[in-house]
Amino acid sequence: MASKIAARIVEAAKAHTRRVDKYIGYGTAGFRTKADLLDHVMFRVGVVSALRSKMVKASIGVMITASHNPEEDNGVKLVDPLGEMLEPAWEVLATEIANLPDDKLSESIVSLIEKSNIDLSTRSSVIVGRDTRQSSPALCQAVIDGIKAVEEDSEIADFGIISTPILHYLVVCTNDGGKYGDPTVDGYVAKLSRAFRTLIGEDNKRGNYEPTLIIDGANGVGAVISEKLIKALDKTLAVNLVNVGPPGILNHDCGADYVKVQQREPLNVSSDCGARCASLDGDADRLIYLYFDEAGMFHMLDGDKIALLFAEHFNDLLKKSQLNLKLGMVQTAYANGSSTNYATKVLNVPVTCTPTGVKFLHHAAQEFDIGVYFEANGHGTTLFSENAVKTIKDAASSGGNAAAQELAGFLNVINSTVGDAISDLLGVEAILHSKGWSIKEWDTMYQDLPNRLLKVSVADRNLVTTTDAERRVVTPEGLQERMDIIVAKFKDGRSFVRPSGTEDVVRVYAEADTQEHADELGKEVAAAVSELCSGNCKL
Ligand SMILES: CC(=O)N[C@H]1[C@@H](OP(=O)(O)O)O[C@H](CO)[C@@H](O)[C@@H]1O
Ligand SMILES: [Mg+2]
């Protein structure tokens, strides 16, 4: 049976031959490179997804996207049945299969089926989604060809253009029989908008909170979903949607990554707009807020500020509702020192630090009853344990506990399956409304420490290895000692270095009491990295 399937796959693969000899790895965000290198990878991912579905006897997700990367890139990631990122052992298998020469495919498929004990009689079920890139439909077809090569009548749910978080949501709802929500895009929009409207109640204006918002759709799928959402919100929130797609170019001078990295406003949002703006990235799983003050100064509120807003509000609601649930936060070393200080010293909320990559944060957040996790770049969500969901729902339904009822509302606004810009946006708006806060009041919760992020090109970035959630260097020898001496020269100084998982560079992070000092600290550390890794220091 295994060899029969392998023969079918080899036959179908003739339409998706491996024309490029480039090694393509499964990084933090799946396979990602130039779109024209990906046809054979997509076909093989289709094969892998169908086999994995048979093995776990559940629906698997496949998302075709290169997120915030330029239009000409593309990528693909697999989503496991509970909405989580693909199991690491299968990342390795997928990478092996994606990079095999065509004539080795058969042997490798047979061995995978036999070694993993895959029950071939189980019908494969795969949920597929794609972003708005021009290359996505053809690459999606290649994935479908791969799924069908394994089994002609595999169950394939092709949802067309959807955000990455919607794909995760669909996988969860399909596998739990609809408990988390209705497994359709309309079901997703209805669930979130209904919960948001319930939280806002009759009066959408409160204190300094104004129910008007600009959404920067990054010319991508976020704009498509926002349009649906705006209709469903029925004026509870007045949205001015900009960067809605062609002729605007995906992620070009707009979107969450552009705003975060360039530290400036996206195209079509100007300093006289007078409103707060939420920037989404190309597949709508990252969110960054921004605004201009009366003096026309730009201000950015990143993933750390969003996380702290959630943590503070949930902390408050837990106290008011007198529910005994453990709230915690998860950050990476990139979190601004002021945000960590605020969480631990002002809110008394414990903070776990993990290595970069959402799967680590997601996993660590599961240790709490209510776990708020965010990367500084705006990717994150809140997880509620089973115990938390039950405790909150019980308290809310017993009546008279307004804080518990508000928490219950957040259970439905938040997409706990993965970081979701649209759901996070509704969460932020609901909290600002509840507090009667303007964006400025949120922004002044704490003051970010000035910081600088640099890249250093070196001969081999893997020369740099780290420990303690990437906060200390192990190799090259002597680098950490050098860094300790440099850091000690700066007030509030902190710096760490690590090899990037998505680019061929070593990243340097520095923060200190002034921007000048953060810049200087970053430069000195980058020079030390360059020297000890014989690199070319590109500042
Ligand atoms: C400093 C930074 O923003 N790093 C990003 C970036 O990873 P690197 O391993 O640093 O290249 O891409 C990851 C995937 O999108 C994201 O999880 C992470 O936060
Ligand atoms: Mg993204």
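Just so it is clear, the structure is predicted and the values come from calculations on it, not from any experiment.

**What about unusual backbone geometry?**
- Of note, the bond from proline 246 into proline 247 is cis; its omega dihedral lies within 30 degrees of zero at 5 degrees.
- Position of proline 247 relative to the elements: it lies in the loop between β8 (238–242) and α9 (256–262).
- Each neighbour pair has its own omega, and for threonine 475 with proline 476 the value is 0 degrees, a cis peptide bond.
- Take proline 476: it is sitting in the loop between β18 (472–475) and α17 (479–488).
- Positive phi outside glycine occurs at lysine 57, with the angle close to 55 degrees.
- When its relative accessible area of 52% is taken as the criterion, lysine 57 is described as exposed.
- If you check the backbone angles, asparagine 117 has positive phi at about 55 degrees while not being a glycine.
- With respect to the element layout, asparagine 117 can be found in the loop between α4 (105–115) and β5 (125–130).
- Residue class for asparagine 117 comes out exposed when judged on its relative accessible area of 67%.

**Some remarks on the UniProt feature "domain: Alpha-D-phosphohexomutase C-terminal" (unreviewed entry) in the protein**
- The feature "domain: Alpha-D-phosphohexomutase C-terminal" (unreviewed entry), as given by UniProt, occupies residues 454–527 in the numbering adopted here.
- As annotated, residues 454–527 has a helix share of 31% and a strand share of 30%, and its two end C-alpha atoms lie 11 Å apart.

**Regarding the nonpolar core**
- Counting residues in each nonpolar core, the largest one holds 80 residues, and the members touching the most others are Tyr289, Phe310, Phe314, Ile370, Ile392, Leu425 and Trp442.
- For this core, the element with the highest residue contribution is helix α10 (residues 303–321), accounting for 9 residues.
- Setting aside chain neighbours within four positions, we find isoleucine 370 in contact with Phe314, Leu318, Leu325, Lys326, Leu327, Gly328, Thr382, Leu383, Phe384, Ala388 and Ile392.
- Judged by nonpolar contacts, the second largest core, of 47 residues, contains Phe43, Val47, Leu51 and Leu78.

Cut-offs applied
Residues numbered from 1 in each chain as written. Chains lettered and ligands numbered in written order. Predicted model: local features only at pLDDT ≥ 70, side-chain atom pairs only at ≥ 80, totals over all residues. Heavy atoms only, no water. Helix = DSSP H or I, 4+ residues; strand = E, 2+ residues; numbered from the N terminus. Buried < 20%, exposed > 50% of the residue type's maximum accessible area, 1.4 Å probe, protein only. UniProt positions renumbered as here; feature names shortened; annotations may be inferred. Core = buried A, V, L, I, M, F, W, Y, C linked by side-chain atoms within 4.5 Å. Contact = heavy atoms within 4.5 Å.

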